Amino acid sequence: MNKFLRLMVTMTLLFLLCAGCGRKPEDSQETASREKEEMAFDENLIVVGVSQVGAESDWRNAHTESIKAALTPEAGFYLVFEDAQQKQENQIKAVRSFILQEVDYIVLAPILESGWDAVLQEAKDAGIPVILLDRKVQVEDEDLYTCWIGADFEKEGEEAGRWLERYLRSQGRDEEEVNIVTLQGTVGASAQIGRTNGFASILAGNENWNMLEMVDADYTQAKGREAMEEMLKKYDDIDVLVSENDNMTFGAIDAMKAAGRTFGPGGDITVISFDAVSAAFDAMMAGEINADFECNPLHGPRLAEIIKELEAGNTVDRVQYMKEEYFDTSMDLARIQKTRAY
Ligand code: AHR
């Protein structure tokens, strides 16, 4: 069976299994579009199964776009993309379906760090290389994956803490009691673990900083708003919000506005965010966010290069960090925003 038929047969079988066989396998429109695809399918294309976390944030959408733009037929790839809707069990199912489809590479952007040993062992046994994007995995056998591309989340958290030290010093507030709340990303995800630990390492050196509460808001705007609403009800003396991604920050901004609180440069609550997506630049320029620590989502081109290297029989670096910066309202944000792709 050729590569394309194998993919299609497996995908049809999986679809029928999921749908409970409640309808005819294919209607004539589906058959026609499949025939068209088959004609366009080139046996030489490298088949890549990508399991993405979800579509929880602007960052994630930019990440997905970058992958899709890089893994095109023109560049030599056939992409099978699965959105896990922020559920690890969906990612495990996706990886198993990629193994059944005998894809050439599996790309996994894992939701959480733990829980991957069994399914990655299945991929290894099937001889399919696994490339990790964005977050990491904790596995007994490090050889269960070929390499990882992503951000130094711990460094991002430390940089945020150091920025706060400098900011408070510049305001003559470095001796004052400072009350902090944190909106955490999905607890157990590398981005959450790194940012929380990185910031905590700087907090440990500042006895006058109090972490009032840290709440899991799952990287979404809706949960960011809800969690911030609750914290604003509980504490009337919040000085700093550390929000582990921009979308939770946008939700928190809505909550602070609704509660009549002032924030951002010139306000009562200093706002520190992560990702630095375009809408966060707008928020910084509107005086709603003080500083934003970049997480670069443009992994697609590097991913395509790595696969081509592996195809050529070359080895690749196991750990590949993306270049990242931070931005604050002392900078020429309008100019910088124009130079950015997300
Ligand atoms: O893992 C990266 C994080 O996941 C980004 O900071 C966040 O926006 C995304 O959902």
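Just so it is clear, the model here is predicted, and its values are computed rather than measured.

Peer 1: Lay out the pattern of salt bridges in plain terms, naming residues and giving numbers.
Peer 2: Enumeration over the complete set of coordinates arrives at 18 salt bridges. Note that E56 is salt-bridged to R60, the shortest N-O span being 2.9 Å. Judged on exposure class, the residue E56 and its partner R60 are both buried. Linking E230 and K233 is a salt bridge whose minimum nitrogen-to-oxygen distance equals 3.3 Å. Note that E230 and K233 are positioned in helix α8 (residues 221–234) at a spacing of three residues, about one turn of the helix. Note on E230: relative accessible area 42%, which makes it partly exposed. Using a relative accessible area of 64% as the deciding quantity, one classes K233 as exposed. Through salt bridges with shared partners, one network takes in E56, R60, D134 and R135.

Peer 1: Just give me the short version of the packing of α8 against helix α9 (residues 246–258), but keep the residues and values in it.
Peer 2: α9 packs onto α8 with a crossing angle of 40° between their chain directions and a minimal axis gap of 7 Å. In terms of orientation, α8 and α9 fall into the oblique class. Viewed along their axes, α8 and α9 form a crossing whose handedness is right-handed. Across from Q221, G224, R225, M228, E229 and L232 in α8, the residues of α9 making contact are N247, M248, F250, G251, A252, D254, A255, M256 and A258. The residue makeup of the contact of α8 with α9, split by class, is eight nonpolar, four polar and three charged.

Peer 1: Which residues make up unusual backbone geometry, and what values go with them?
Peer 2: The backbone of Y219 sits at a positive phi, close to 65°, despite the residue not being glycine. Structurally, Y219 can be placed in the loop between β7 (209–216) and α8. You can call Y219 buried: its relative accessible area is 3%. Phi is positive for A276, which is not a glycine, with a value near 65°. Here A276 shows up in the loop between β9 (270–275) and α10 (278–285).

Peer 1: Give a detailed account of the site of the ligand, specifying residues and quantitative values.
Peer 2: Around the ligand, the surrounding shell consists of E56, S57, W59, R60, D134, R135, A191, R195, Y219, N245 and D275. Its atoms largely coinciding with the cavity grid, the ligand occupies the largest cavity.

Peer 1: Outline the pairing of strand β10 (residues 291–294), supporting the account with residue identities and numerical values.
Peer 2: Residues in a regular strand project their side chains so that they alternate between the two faces of the sheet. In β10, alternate side chains face the same way, and those of A291 and F293 on one face and D292 and E294 on the other are all buried. Across four bridges, β9 lies against β10 in parallel orientation. Across the sheet, the residue bridging to S273 is D292, located in β10. Of the strand pairs in this sheet, β10 and strand β12 (residues 326–328) are connected by three bridges, and their pairing is antiparallel. Bridge pairing in β12 links D292 to F327.

Peer 1: For the sheet that holds strand β4 (residues 130–133), give the residues involved together with the corresponding values.
Peer 2: Here we have six strands laid out as an open sheet, ordered β2-β1-β3-β4-β5-β11, and parallel in their pairing. In this open sheet, the two edge strands, each paired with only one partner strand, are β2 (77–83) and β11 (319–321). For this sheet, the mean angle separating the axes of adjacent strands, direction not counted, is 20°. As paired elements, β4 and strand β5 (residues 147–150) share three bridges and run parallel to each other. Bridging from a neighbouring strand, L132 pairs with W148 of β5. Against the sheet, helix α4 (residues 88–100) contacts β1 (46–52), β2 and β3 (105–108), and its axis sits at roughly 170° relative to β1.

Peer 1: Tell me about helix α5 (residues 117–125), and please be specific about residues and values.
Peer 2: One turn of the α-helix equals 3.6 residues, which is why residues spaced by three or four share an orientation. Those residues of α5 that fall on the buried side of the exposure criterion are V119, L120 and A123. Relative to the axis of α5, the buried residues are bounded by an arc of 95° and lie together on one face. For α5, the exposed residues lying more than 90 degrees away from the buried face are A118 and D125. Where α5 is buried, its residues contact α4, β3 and β4.

Peer 1: Describe in detail empty space enclosed by the protein, supporting the description with residues and values.
Peer 2: For the structure on display, the rule yields one cavity of 30 Å³ or more. Of the pockets and cavities examined, the largest cavity occupies roughly 90 Å³. Along its surface, the largest cavity is lined by 13 residues, and W59, R60, R135, Y219 and D275 are the ones closest to its centre.

Peer 1: Mind laying out the packing of aromatic side chains, listing which residues take part and the relevant values?
Peer 2: Taken as a whole, this structure holds six aromatic pairs when the rule is applied. Between the aromatic rings of W148 and Y321, the centroid separation amounts to 5.3 Å while the plane-to-plane angle is 80°, which identifies the pairing as edge-to-face. Of this pair, W148 sits in strand β5 while Y321 is found in strand β11, placing the two residues 173 residues apart along the sequence. Taking the relative accessible area as the measure of exposure, W148 reaches 1% and is therefore buried. Overall, Y321 belongs to the partly exposed group, its relative accessible area being 41%. Through a chain of ring-to-ring contacts, three or more aromatic side chains come together here, namely F274, F293 and Y326. One Lys or Arg, K136, reaches over the ring of W148 and ends 4.3 Å from the middle of that ring. The aromatic ring of Y342 is capped on one face by R340, whose charged end is 4.7 Å from the ring centroid.

Thresholds applied
- Residues numbered from 1 in each chain as written.
- Predicted model: local features only at pLDDT ≥ 70, side-chain atom pairs only at ≥ 80, totals over all residues.
- Heavy atoms only, no water.
- Salt bridge = Lys/Arg side-chain N within 4 Å of Asp/Glu carboxyl O.
- Buried < 20%, exposed > 50% of the residue type's maximum accessible area, 1.4 Å probe, protein only.
- Helix = DSSP H or I, 4+ residues; strand = E, 2+ residues; numbered from the N terminus.
- Axes fitted to C-alpha atoms, helices over the stretch in contact; angles between N-to-C directions.
- Parallel < 35°, antiparallel > 145°, perpendicular 65-115°, else oblique.
- Left-handed = near helix turned anticlockwise from the far one by under 90°.
- Contact = heavy atoms within 4.5 Å.
- Nonpolar A, V, L, I, M, F, W, Y, C, P; charged D, E, K, R; others polar.
- Near = heavy atom within 4 Å.
- 1 Å grid on protein atoms, 1.4 Å probe; cavity = no way out; pocket = protein on both sides within 12 Å on 5 of 7 lines; lining within 4 Å.
- Sits in = over half its atoms within 2 Å of the grid points.
- Pairing = 2+ DSSP bridges.
- Arc of directions from axis to C-beta.
- Points joined across faces, edges and corners; volume = space filled by probe spheres on them.
- Phe/Tyr/Trp six-rings, centres within 6.5 Å; stacked < 30°, edge-to-face > 60°.
- Lys NZ or Arg CZ within 6 Å of the ring centre and 35° of its normal.

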